[in-house]
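Close look at the chain arrangement
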Amino acid sequence: MDVPPLVLQTAGSLVAILALAGLAWWLRLGPALPLTLDDEVRRIAAEIEDGFTPVAIACDEEGAGALARDAQGRIMLIRSHGNRFVGRVLTAKATALLKDHPGEFNIIIDCGEARFGKAFLTIADPATWADAINRLHAVHDA
Amino acid sequence: MPDFNPTQYAVSLFVVAVLAEMIWAKFRAPEAYEPKDTLVSLSFGLGSTVAGALLGGFALWLMFIAYDYRVIDFGPEWWTVWWAWPLCFVLDDFAYYWSHRAGHRIRWMWAAHVNHHSSQHYNLSTALRQTWTGNLTFGILFTLPVVVLGFHPVMIAICGGFNLIYQFWIHTEAIKRMPAWFEAVMNTPSHHRVHHATNPRYLDRNYAGVFIIWDRMFGTFEPEVDDEPIRYGIVKQLGSFNLLWSVFHEWAGMLTDIWRAPWWHKLSYLLSEPGWSHDGSRETSDMIRARWQARVEGEGASPAPSVATRNPIAGAQEAA
């Protein structure tokens, strides 16, 4: 049976792709860089939105993300994505849910973008942050 | 007529080069790679080959139609006119510059090209993060003048293949600067890092394929600044390793905007620059840069750690 060249090439490329991705994993490339320092949060927040200057910060205990509030009351969610960080300035679509899962997380933040996903963080004073996030929604509705 | 596709021959070279860069990363910059990101980038490359085979026929057909109206005729054995090859390469690169520039400034084309920029990493695997949907845009229109001038579509396709191969090696942080004469004329890792950056100062700069002279000529050149770390990706990072979402997210966003917009604004969501909105609720790259400039001028820029400090090989080796 003659195999079309495109199929053969695609199969070969697929094998190479899996091999390279497997090698990256095996070499332990892309180690996680936990976000635990306020200065790091400030730097990343400014990268996500130029000029965003946090006046209050809550870092996840494991360094998986953070919440940051600026002087205008805007709240930014930062979470890990691979070994980089991504974030959003939260809008009225955002919700926060308090949960008590000791050793796992105490707050779930949903920025309202389905594809962005939720952030599961363990932070200090989660109730205050959850209230502030949920108030974004209330302020918008008012 | 030559039956030759240079990129097919280059695939094994790409694999070996990515492998070599991974080994370099293991010892010098392990954060330069992320396995899931690498898998997505390489899958983009494979999907792009398949999409090109399935959807590329229309563009090729258009080129052959245009070739019938050529101004200069290189004769039936056009491939034997040796000087036409370098000339074609330069003209194709010029067309690439404008097509690429349109790819960043027109949302319809950005919807296809954003794929190449959606990684937050910058390594050789990023080079293979090629579009699946480029044939659904009007990018081919930028090449048609080269065809009408008299260059055979096959000659242009071969030159375009070499152009793509050239652009592979510049997707790396392992090389800081090339010799000054080379940096002046050619696209280099340094110039192209700027192109992939989301730092406001770098947005929509350095569109060149092979020759950076086009950016210098048309006012879009920006040199890499050593005291500001580069951040890669797109202004609104995806935060997802889902391959299909990575491929189609901007198409989905654009079509949603067109659907929701008042009818007199619908076309603008197709043809205006990315970030444009009819109610001013979003920012274009020009707006982000202007806001950054105003802020920096107001505050005075603070020094930032050098890219080279994150990149030991580059730091030690000024020119490669």
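Report on the accompanying structure. These figures come from a predicted structure and were not determined experimentally.

Notes on the state of the cysteines
Applying the stated rule across the entire model yields zero disulfides over all chains. Summary of cysteine pairing: C59 of chain A is not part of a disulfide, and the nearest cysteine sulfur, belonging to C111 of chain A, is at 19 Å. Taking the relative accessible area as the measure of exposure, C59 of chain A reaches 18% and is therefore buried. Sulfur of C159 of chain B: no disulfide; nearest cysteine sulfur belongs to C88 of chain B and is 3.7 Å away. Judged by relative accessible area, C159 of chain B falls into the buried class, the value being 4%.

Brief notes about helix α2 (residues 38-48) of chain A
All names here are of chain A. Buried residues of α2: V41, I44 and A45, and no others. The arc enclosing the buried residues of α2, seen along the axis, measures out at 105°, which places them on a common side. Buried residues along α2 sit against β1 (54-59), β2 (65-70), β3 (75-81) and β4 (84-89).

Side note on the environment of I123 of chain A
Residues and elements named next belong to chain A. The topology assignment puts I123 in the loop between β7 (118-121) and α3 (126-141). By relative accessible area, which is 5% here, I123 ends up buried. Each C-alpha atom, one on I123 and one on G65, is 9.4 Å from the other, the two residues being 58 residues apart in sequence. Excluding anything up to four places from it in sequence, I123 contacts A58, C59, D60, L67, N106, I107 and W129.

Some details on unusual backbone geometry
All names here are of chain A. You will see that R28, though not glycine, has its phi angle at about 60°, which is positive. For D125, which is not glycine, the phi torsion reads 55° and is therefore positive. Positionally, D125 belongs in the loop between β7 and α3.

So, helix α8 (residues 153-169) of chain B
The α-helix advances 3.6 residues per turn, and as a result positions three or four apart in sequence lie on the same side. Residue and element names in this part refer to chain B. Its 17 residues place the ends of α8 26 Å apart at the C-alpha level, agreeing with the 24 Å of an ideal helix rising 1.5 Å per residue. The element α8 is extensively covered by neighbouring structure, given that 12 of its 17 residues are classed as buried. Taken residue by residue, α8 has P153, V154, M155, I156, I158, C159, G161, N163, I165, Y166, Q167 and F168 as its buried positions. The inward-facing, buried residues of α8 abut α1 (6-28), α3 (57-67), α4 (84-105), α6 (124-127), α7 (144-149) and α9 (180-185).

Parameters and conventions
Every chain begins its residue count from 1, and numbering advances along the sequence as written. Labels follow written order: the first chain is A, the first ligand is 1, and so on. Totals for whole chains, interfaces and linings use every residue, but because this is a predicted model, local features are given only for residues with pLDDT of at least 70 and side-chain atom pairs only at 80 or more, for both listing and counting. Derived side-chain values reflect all non-hydrogen atoms in the structure, with water molecules and hydrogen atoms excluded from consideration. The disulfide criterion is simple: two cysteine sulfur atoms within 2.5 Å. Buried means the residue's accessible area, taken with a 1.4 Å probe over protein chains only, is under 20% of the maximum for its type, while exposed means over 50%, and partly exposed covers the values in between. Helix and strand assignments come from DSSP, with helices taken as H or I runs of at least 4 residues and strands as E runs of at least 2, each series counted from the N terminus. The arc in question is the one traced by the directions running from the helix axis out to the C-beta atoms. In what follows, residue pairs with any heavy atoms lying within 4.5 Å of each other are defined as contacts. In a helix, the anticipated span is given by 1.5 Å times the number of residues less one.

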